[in-house]
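Residue-level structural notes
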Amino acid sequence: MVEKMMARSVRLLFAGTVAAMGMAGNAAAQDAPDSIQRVEITGSSIKRATAETASPVQVVSREELMRSGKGTVAEYLQTLAVDGAGSLPTGFGNGFAAGSTAISLRGLGATSTLVLLNGRRMAPFARADDGQKSFTDLSTVPMQIVERIEILKDGASSTYGADAIAGVVNIILRRDFTGLEIKGDTGWSRYDDGKQNKASVTYGQGNLDEDKYNWVVNAEYFQSDSIANKDRSRRREHIGAGDLRSYGFPVGTQFAGGYISGTNSASPGPAGAVRDPVTTNYLGLPGCASLSETTNQAGANGGCLYHVNQWRDMQPEIESINLYSKGTFQINDSTQAYIELGYSKRDTSFTMVPPSLTPTVAFPPNAANPQGFINYGNANLMAASHPQNPFGAPARIRYLAADIGPSVRNANNEFRRFVAGIKGSAMGWDWETGYTYSDSQLELVYTNMLNMNVMRAALSDPTSQYFPYYIGAQAGRNPASLYAAMVVNAMSNSKSSLSVIDFKASRELFALPGGNMGLAFGAEHRREKLSNPSLSGSENGSINSNYVAAFGDSKVSAVYAEILAPVLKGLELSAAVRYDKYDNFNSTTPKAGIKWTPMKSFALRGTYTEGFRAPGAAEGSSKSQSTGNSTVRDPIRCPGGAPAAGGATSTDCGLSVSAVKVGDEKLQPETSKGVTLGMVWDPFDGTSVALDGWKIKRSNEINPMPYNEAAALPTAIRSDNNLIVNGQVIPNSGTLIMTQAPYRNSSFTEVSGVDLDVRQRLRLGDYGRLVLGVVVSHTASWKRQESATTSYQFAGTHGNCDTSNCAGTPKNKVNASASWDIGALNVSGNINWRDKMKNILFEGNVCASTLANGQPGTTDCEIASFTTLDLSTRYAVNKQLTLFASVNNVLDKVAPLDPLTYGGLSYNPMDASGAVGRYFKFGASYKFF
């Protein structure tokens, strides 16, 4: 019997196939009579007909992914409405985990989103995001071999264990391909840069029914050129610009340096400045015009003003290769064995700025330095006899070593994965067992770093063989031997590994009024190890970098069970529970679901979940330490949002501050409770509507102290340029440099919202088929409760800026799609929209960015909304050859000005396509057989 499309849509939506326009290509197949096949859906261990799930799951089909025009899986996933703050884009090269990519469901961070490959975990990236959060690097996943992506927008710790608080992203690769197919594409921006090239070959042979085996092999190569910020700042309005004075901003923004801001206060610049030991005023050295590309030196006050876009990249240079193979063997009618092999190598290169000679660096306390930090800025680095010292006494300096050149951050990551398993059926049970091993080996090489001991001797010790080190315009007088000794490459080799043994089984039990009761149970044991040493030389402050390291070794054993009870016709109950035993704690996490289908065209669904996240190696070990940066308003020098009297400037109202974080074995796991309640309705033939409300409360959170609170600590490290009011020096009121933000189990975060998904399928007769869709994600509240008296509401604001790249939390995000098929031609379009945000750090706070005249830095103190249109087309020339093309950001919309984020130069990282500009791709695929 042929189902009506309306009823069938309900069934598909309950399977999570909230797939977008990509389903249009399968419309003809959907008109055939259905043979109900029981399958396993992400979030459950019970095989079931696709009608039988209560959790909201979004499925991205292979066709939808390929038609997007995106270059990687991560790039596509980060356009989805469900992705939020805390995701890691490719362009975040100044972050801890530069070279990686990640997704953050519900904006709860990549560490609360569990990523699976073919239903199994992968080893995390070998360096924690923000120096704290362990996550799975999406860059290791090959794009061309993806079959589909299932996104469970619901907690799933009862099935998968830790980390599945916000949801699960399960990337499922092709396993039954036969033939030989090659594919290639190339792309470039409207500025003829950012060129990308991709090539892949996929080969598969064997039919499981006839040959009793199938083997699939895929190889994929990807290459992407870097884009420099200055390649946009000169021709795309504010994009990539560090100098925002033309928009009314003051000199001292976060991407500017080299200016002298007052008595005893100066920023390092490429010409250098020397402090008068008597007056404490800085004197700029000559030669700025030949060193800084900033021609307008107004406001430098005798310094040498520069902006980071003179050197820093917007997008890194990338070269990667992905290899994947899977073999499936039919041992007998009821038993099947399989093996998976995966290898990924991804090399990224990101150009930063030259090093400063006067950083403040933090490291573990030692006998020589029990404080655990060195403030080179407060040291008299320049000897009295140095030829460039005009004062005849040891003096402080400020200098950005442009003579050395920009530092380049190279992150070379290798990922390996091996899976072997066997599955079958016996005595009414479907069972599966397997072994998984994966590891991530990360080599970091930071070029043009400083050996601080040599640098110090070359400036301040006349007996040193390297004295004098000439800076600024006179640097050409330095011998090569000085640079050979002073300039170093800092390196770190890290490794994370994951080993898992698992078993699960499921079966139907007895008949209930609505159908057969289902049961599943399983067990797993896994071991996770991490060795992430810091960059060489950072362990004692002898290079210009903070110490960032994490070490851990944990074992986890778990058992779980699940039942599915169709207690009445149209009414189904489900429940699951899992017990996890760690080395120093245990966790029990339940889940319950209900689905009521009073009629074929309408259904209600809901779930209750509990979850947890164990402290990661960077958080739960005293051997782990990191130092992060975030933009804050100094509560001492900028109270109430206005510079304090006595020497403060507007820079103090939005400066980048470092905070030291040390792991603590006493930390307890985070816990969570979540609920979803929704409905699926097919009001008309070809129309389907899904509406789901959701709420997640994550308690006992592992967070560093908020930076705005850490900035107010009396132990914060400050410069000695104290405020002077009415002739009185205010102690400990100098420019904020560094503070401490210890990890703690703070109170809770509670987020809630609504997801809407609407689909319309239209048959146009001789004009083909049209599929329309819109997905809306609304975040009603994103509240962090730090204590009984302190809470922060981030929904609709630019917060939380303590997380990743300070992208913000817009209340609404929309993905709209259309796909038209006529004959061998397909034309598709996607509109991506994000809501405006208040340019404040949290609700009720003052405007985070102000102009030189004190007015809000953006219209109405908001970051404007942003919309892009992407178009793609493909044409099947014949059964073998297919041509395709795409244009991202067709209208070439410019990303709105964002002066607060540190994830991009004057644009929000969520709006990266508006920074790059219109982007073209062309390609072809050919299937030989």
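Source: prediction; values computed, not measured.

With that settled, the discussion passes to the overall build of the protein chain. On a plain count of helices and strands, the protein chain comes out with 11 helices and 49 strands. Taken over the C-alpha atoms alone, the protein chain extends approximately 95 × 60 × 50 Å along its principal axes. By residue count, 59% of the 929 residues in the protein chain fall in the buried class. In the protein chain, the share of contacts with a sequence separation of at least 24, taken over all contacts with a separation of at least 6, comes to 71%.

Below, the discussion takes up the sheet that holds strand S21 (residues 397–398). Taken together, 3 strands build an open sheet; the order of strands is S14-S13-S21 and the sheet is antiparallel. Whereas interior strands pair on both sides, the edge strands pair on one side only; in this sheet they are strand S14 (282–284) and S21. Of the strand pairs in this sheet, strand S13 (residues 273–275) and S21 are connected by 2 bridges, and their pairing is antiparallel. Its bridge partner lying in S21, Val-274 is registered against Ile-397.

Take the pairing of strand S25 (residues 515–532) next. Where strand S24 (residues 487–512) and S25 come together, 16 bridges link them in antiparallel fashion. Across the sheet, residue Lys-504 finds its bridge partner in S25, namely Gly-522. Where S24 hands over to S25, the hairpin turn is made up of 2 residues, counted between the paired strands. As defined by bridge partners, S25 adjoins strand S26 (residues 550–568) across 15 bridges and the pair is classed as antiparallel. What sits directly across from Ala-523, in S26, is Val-559.

Moving on, we get to the pattern of salt bridges. Counting across every chain of the model gives 40 salt bridges. The salt bridge involving Asp-911 is made with Arg-834; its shortest N-O contact spans 2.7 Å. Within this pair, whereas Asp-911 is found in the loop between strand S48 (881–888) and helix H11 (912–916), its partner Arg-834 is found in strand S44 (residues 825–834), the two being separated by 77 residues in sequence. Per residue, the accessibility class of Asp-911 equals that of Arg-834, and both read buried. The network of salt bridges with common partners includes Glu-524, Arg-526, Glu-528, Arg-578 and Asp-580.

A separate point is the sheet that holds strand S1 (residues 57–61). Paired through their backbone hydrogen bonds, the strands of a sheet run either parallel or antiparallel. Reading across from one edge, S1-S4-S5-S2-S3 is the order of the 5 strands in this open sheet, with mixed pairing throughout. The outermost strands of the open sheet, each flanked by one partner alone, are S1 and strand S3 (120–121). Note that strand S2 (residues 113–117) and strand S5 (residues 167–173) share 5 bridges and pair parallel. Residue Val-115 lies in a different strand from S5, and its bridge partner there is Val-169.

Moving on to a nonpolar patch on the surface. Taken together, the side chains of Ile-182, Val-201, Tyr-203, Val-217, Tyr-926, Phe-928 and Phe-929 define a hydrophobic patch exposed on the protein surface, amounting to about 590 Å² of accessible area. Checked against the element boundaries, Tyr-926 lands in strand S49 (residues 919–927). On the basis of relative accessibility, which here comes to 32%, the residue Tyr-926 falls in the partly exposed class.

A few words now on helix H7 (residues 452–460). Listed in full, the buried residues belonging to H7 are Met-452, Val-454, Met-455, Ala-458 and Leu-459. Projected onto a plane normal to the axis of H7, the buried residues spread over an arc of 160 degrees and lie on a single side. Where the residues of H7 are buried, they touch S21, strand S23 (429–450) and helix H8 (480–486). Regarding H7, its N-cap is Asn-451, as a side-chain oxygen of that residue lies 3.1 Å from the backbone nitrogen of Asn-453 further along.

All chains considered together, the criterion is met by 16 aromatic pairs. Here Trp-429 and Phe-521 contribute two aromatic rings whose centre-to-centre distance is 5.6 Å and whose plane-to-plane angle is 80 degrees, an arrangement assigned as edge-to-face. Placement of Trp-429 in strand S23 and of Phe-521 in strand S25 is noted, with a sequence separation of 92 residues between them. Residue classification places Trp-429 among the partly exposed positions, given a relative accessible area of 22%. Taking relative accessible area as the criterion, Phe-521 reaches 35% and is therefore assigned partly exposed. Aromatic pair Tyr-792 and Phe-842: ring centres 4.7 Å apart, planes at 70 degrees, arrangement edge-to-face. Linking Tyr-792 in strand S42 (residues 791–793) with Phe-842 in the loop between strand S45 (837–838) and strand S46 (862–863), this pair joins segments that are 50 residues apart in sequence. Exposure remark for Tyr-792: the relative accessible area of 7% places this residue in the buried category. Judged by its relative accessible area of 16%, Phe-842 falls in the buried class.

Basis of the calculations
- Residues numbered from 1 in each chain as written.
- Predicted model: local features only at pLDDT ≥ 70, side-chain atom pairs only at ≥ 80, totals over all residues.
- Heavy atoms only, no water.
- Helix = DSSP H or I, 4+ residues; strand = E, 2+ residues; numbered from the N terminus.
- Buried < 20%, exposed > 50% of the residue type's maximum accessible area, 1.4 Å probe, protein only.
- Contact = heavy atoms within 4.5 Å.
- Pairing = 2+ DSSP bridges.
- Salt bridge = Lys/Arg side-chain N within 4 Å of Asp/Glu carboxyl O.
- Patch = residues over 30% accessible without salt bridge, like charges linked within 9 Å, V, L, I, M, F, W, Y side chains within 5 Å.
- Areas by Shrake-Rupley, 256 points an atom, 1.4 Å probe, with all protein chains shown as cover.
- Arc of directions from axis to C-beta.
- Polar contact = N/O pair within 3.5 Å; in protein donor to acceptor, adjacent residues only side chain to side chain.
- Phe/Tyr/Trp six-rings, centres within 6.5 Å; stacked < 30°, edge-to-face > 60°.

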